[in-house]
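These are the residues of each chain, in order.
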Amino acid sequence: TCFLEISSWSCSPETRLLSSHQLVEAEPTQVLLAMDECEDVPKDFIKLKSEKLSVDEVSELVISPYCGAVSVFIGTTRNNFEGKKVIHLEYEAYTSMAETEIKKICRDVRQKWPSVKHIAVHHRLGVVPITEASVIIAVSSPHRAESLEAVTYCINTLKASVPIWKKEIYENEYSWKENKECFWANSEK
């Protein structure tokens, strides 16, 4: 038996411990279990930002002691498209709607793959130089199959439904790119 001083906890109702400042008697394994449950509830990390994206930062967000797999997709800026030299990309977004759509994707992932623990979707806005990441998606799950499938679903659905637009800047021209997967691309033709 050990004693643990508890001042406050912000956990789900199922794992909430006493919130007043008191001494509680508990077995060490009970204390660890309660702390782990509070700290490792499934989370979604969604960020649209103009600063450089970090693979390490995004992958660390989804690490969990309950998971043996972290799958990551990194979309980078390449230096060419259909024989043209690409100088850089520029992204614009309808930010509030994009975040809402990404939240829907996360909900869909949790319905399709209930064992998925954490999901991170970070997308860059503004100028993205050659070789830098435009999007990083990371998913953790107990086993690799679920996280790999979920990451694939996330990027494909993001490209098809999230209002983020890409402009490719070439040496002497530019072009707004339309995702072939995008549902509204085919509706107007």
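Scroll up a little and you will see the structure.
Keep in mind the model is a prediction, meaning the values are calculated, not measured.

Trainee: Please explain the sheet that holds strand β9 (residues 133-141) as it appears in this structure.
Mentor: Two modes of strand pairing occur in sheets, parallel and antiparallel, and in both the strands are linked by backbone hydrogen bonds. A sheet is described by the order of its strands in space; here four strands give the open sequence β3-β7-β9-β4, paired in mixed fashion. The open sheet has two edge strands with one neighbour each: β3 (43-49) and β4 (69-76). Strand-to-strand twist in this sheet, taken as the mean axis angle between neighbours without regard to direction, amounts to 5 degrees. Inspection of the sheet shows β4 paired to β9 by eight bridges, in the antiparallel sense. Of the residues in β9, the one forming a bridge with Ala-69 is Ser-141. Its contacts with the sheet place helix α3 (residues 95-112) against β3 and β7 (118-124), and it is angled at close to 155 degrees to β3.

Trainee: What is the right way to read the pairing of strand β11 (residues 174-177) from this model?
Mentor: Looking down a regular strand, the side chains alternate between one sheet face and the other. Bridge analysis of strand β10 (residues 164-170) against β11 gives four bridges, and the strand direction is antiparallel. Pairing of Ile-169 across the sheet is with Tyr-174, part of β11. Where β10 folds back on β11, the antiparallel hairpin that results is connected by three residues.

Trainee: I keep staring at α3 and nothing clicks. Help me out?
Mentor: Residues spaced three or four apart along an α-helix point in a common direction, a consequence of the helix completing one turn every 3.6 residues. An ideal rise of 1.5 Å per residue puts 26 Å on 18 residues; α3 measures up with 26 Å between its terminal C-alpha atoms. Here α3 has its buried residues at Ala-98, Glu-101, Ile-102, Ile-105, Cys-106 and Val-109. All buried residues of α3 fall inside an arc of 150 degrees around its axis, so they share one side. Exposed side chains of α3 directed beyond 90 degrees from the buried face belong to Arg-107 and Gln-111. Where the residues of α3 are buried, they touch β3, β7, α4 (144-161) and β10.

Trainee: Would you explain the environment of Tyr-174 in this entry?
Mentor: With respect to the element layout, Tyr-174 can be found in strand β11. C-alpha of Tyr-174 to C-alpha of Val-86: the two residues are 88 residues apart in sequence and 9.0 Å apart in space. When residues no more than four places from it in sequence are discounted, the contact partners of Tyr-174 are Lys-167, Glu-168 and Ile-169.

Cut-offs used in this document
- Residues numbered from 1 in each chain as written.
- Predicted model: local features only at pLDDT ≥ 70, side-chain atom pairs only at ≥ 80, totals over all residues.
- Heavy atoms only, no water.
- Pairing = 2+ DSSP bridges.
- Helix = DSSP H or I, 4+ residues; strand = E, 2+ residues; numbered from the N terminus.
- Axes fitted to C-alpha atoms, helices over the stretch in contact; angles between N-to-C directions.
- Contact = heavy atoms within 4.5 Å.
- Expected span 1.5 Å × (residues − 1).
- Buried < 20%, exposed > 50% of the residue type's maximum accessible area, 1.4 Å probe, protein only.
- Arc of directions from axis to C-beta.

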